[in-house]
Amino acid sequence: MILTEWAQRAGLTLVATLPYDEISIMRIAYLECFSGISGDMFLGALVDAGVSPRLLEDTVAALGLGAKLEISRVVRSGISATKVDVWIGGDKDMPREEYWEKQKAAHAAAPALIQASVQHEHSHGHGHSHEHTHSHTSSKEHAQDTHGHTHRGLNEIRKIISAAPISDQAKKTATCVFEALGAAEAKIHNVPVEEIHFHEVGAVDAIVDIVCAAVGAEALAVDEFVCSPLNLGGGTVHCAHGTFPIPAPATLELLREVPVYSSGVQAELVTPTGAAIVKTLALRFEGFPPMKVERAGYGAGSRDFERNPNVVRLVVGEAAKPLDKVNSETISVLEANIDDLNPQVFGYVLDRLLQEGALDVFGVPVQMKKNRPGTLLSVLCKSEDGGKLTQLIFAETTTLGVRQRQEIRQTLSRRWENVSTQWGMVRIKIASMNGTITNYAPEYEDCRRIAAEHHVPLKTVMQEATRAYASGGQK
């Protein structure tokens, strides 16, 4: 199908402004999380959107964890959707309330042991309500608590994923999701990520959700996942440590810099597993993108709200994408020679210029008249900002003159991806030209924050983030 015909059928006008050889067609998957998202809801949406149920069932069987899937059709507020439940050892995931009633009964006989156990719930308001994570003082991969329950550490889960008969890309995705989950829990509990352990039942549940999510996402064969802002819900959530406001602490940590809102539904709509999946898969969070829709799938949660269908919608289709080329633009360059300004003030001026919209600011040592050392202040800015930034330079420095000229600036196309490190998520800035990656680097502010929070060298964080991206291959 030629591009103009595709655009007409898709209802797009983009081709009217771009030459044919500057457009490519890409497949995208758009997640509409108007009722939140959880691991099981995402699996249901994948199946409803065309992923083979047999593929997910075979994946679970090959993991050898004693789990299986039950896939069924349900109706949520009038919407037909696919429901995926995980069975473990003959037991089906139970709703939160039922789970906590059993926990109270089990713990009533040993109240002292409850106080000794440091736990955090990864309960899913959509049906996965097992206790998922615990922090221990021991960093053993396969620890055992005072109740005799077996736990799986993050390193053991990495080994399970690594040994799974799935593609390398699916292994990378699943590992990133679990590491994001572990890093969030470690931050909340203020313990090293190696001390986070997943309860035997909850760990199997999470492994099934996350590995199947990675396999199913790959099976969609899309170039990019895009996600809507997330509806978090409201009210409170009952955890082992007490009652917390929604979103749960781990969910909130995972959704840093992600657009979120609450529609007023008093329930937990986004679970930690759901948050970790979308944070790993989605490259951008925005409204419905221009696209030609091929199909849509609905994944159901366990609850049925009166006016808010408890489903997540996954829309798959094609979108026009401009090829990555070198972009050219005309900018203004402001310059001033300064030789009598307090150096402390000079640093302040650089920050002010950037805050006021300068594209870049820098100083170069120069030798001025009468052999006085000075600094050449250079400011790159949009032409329309030249006037106000010139006024700022006059107001904040001792210069008596500012030079301005127009220049052509060429820039590469840039985008962001998230990578998971042992301390948390780091954004990677990626530059590309004609579809080929030319440069990539970790975001300094992310690495700086992690280094300060975890008391590790900044260079170590940056090296780990770079390695994490490079080991996954360049897209």
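Summarised in this report is the structure supplied together with it.

Conventions adopted
Residues numbered from 1 in each chain as written. Predicted model: local features only at pLDDT ≥ 70, side-chain atom pairs only at ≥ 80, totals over all residues. Heavy atoms only, no water. Pairing = 2+ DSSP bridges. Helix = DSSP H or I, 4+ residues; strand = E, 2+ residues; numbered from the N terminus. Axes fitted to C-alpha atoms, helices over the stretch in contact; angles between N-to-C directions. Salt bridge = Lys/Arg side-chain N within 4 Å of Asp/Glu carboxyl O. Buried < 20%, exposed > 50% of the residue type's maximum accessible area, 1.4 Å probe, protein only. Contact = heavy atoms within 4.5 Å. Phe/Tyr/Trp six-rings, centres within 6.5 Å; stacked < 30°, edge-to-face > 60°. Lys NZ or Arg CZ within 6 Å of the ring centre and 35° of its normal.

## A few points about the sheet that holds strand β20 (residues 403-411)
- Read from one edge to the other, the open sheet built from four strands follows the order β18-β19-β17-β20, with strand pairing classed as antiparallel. At either end of the open sheet lies a strand with only one pairing partner, and these are β18 (360-367) and β20. Strand-to-strand twist of the sheet, defined as the mean angle between neighbouring strand axes without regard to direction, takes the value 30°.
- For β18 and strand β19 (residues 373-381), the ladder comprises eight bridges, and the chain directions are antiparallel. Counterpart to Gln367 in the pairing with β19 is Pro373.

## Observations concerning the pattern of salt bridges
- Scanning the model with the defined rule gives 27 salt bridges in all.
- The partner of Arg284 in a salt bridge is Glu286, and the shortest N-O contact between them spans 2.4 Å.
- What makes Arg284 partly exposed here is its relative accessible area of 29%.
- Asp339 is the salt-bridge partner of Arg372, the closest N and O atoms lying 2.8 Å from each other. Separated by 33 residues along the polypeptide, Arg372 in the loop between β18 and β19 and Asp339 in the loop between β17 (327-338) and α11 (343-355) bring together distant segments of the chain.
- The class of Arg372 is partly exposed, set by a relative accessible area of 33%.
- Connected through salt bridges with shared partners, the residues Lys187, Glu253, Arg256, Arg449 and Glu453 form a single ionic network.

## Comments concerning the sheet that holds strand β23 (residues 436-442)
- Judged by pairing direction, the sheet is antiparallel, and its three strands sit side by side in the order β21-β22-β23 without closing on themselves. Looking at strand neighbours, the two that pair on one side only are β21 (413-421) and β23, the edges of this open sheet. For this sheet the average axis-to-axis angle between neighbouring strands, irrespective of direction, equals 30°.
- Here β21 runs beside strand β22 (residues 424-433); their pairing, made up of nine bridges, is antiparallel. Its bridge partner being in β22, Ser420 is matched across the sheet by Met425.
- On top of the sheet, helix α13 (residues 444-454) reaches β21, β22 and β23; it is set at about 160° to β22, its chief contact.

## A short note on the packing of aromatic side chains
- Summed over all chains, the structure comprises three aromatic pairs.
- The interplanar angle of 55° and the centroid separation of 5.0 Å between the aromatic rings of Tyr30 and Phe288 together place this pair among those described as tilted. Separated by 258 residues along the polypeptide, Tyr30 in strand β1 (residues 23-32) and Phe288 in the loop between β14 (282-285) and β15 (292-300) bring together distant segments of the chain.
- A relative accessible area of 3% means that Tyr30 is categorised as buried.
- Taking the relative accessible area as the measure of exposure, Phe288 reaches 42% and is therefore partly exposed.
- Note that Arg427 overlies the ring of Trp416, its terminal NZ or CZ placed 5.3 Å from the centroid.

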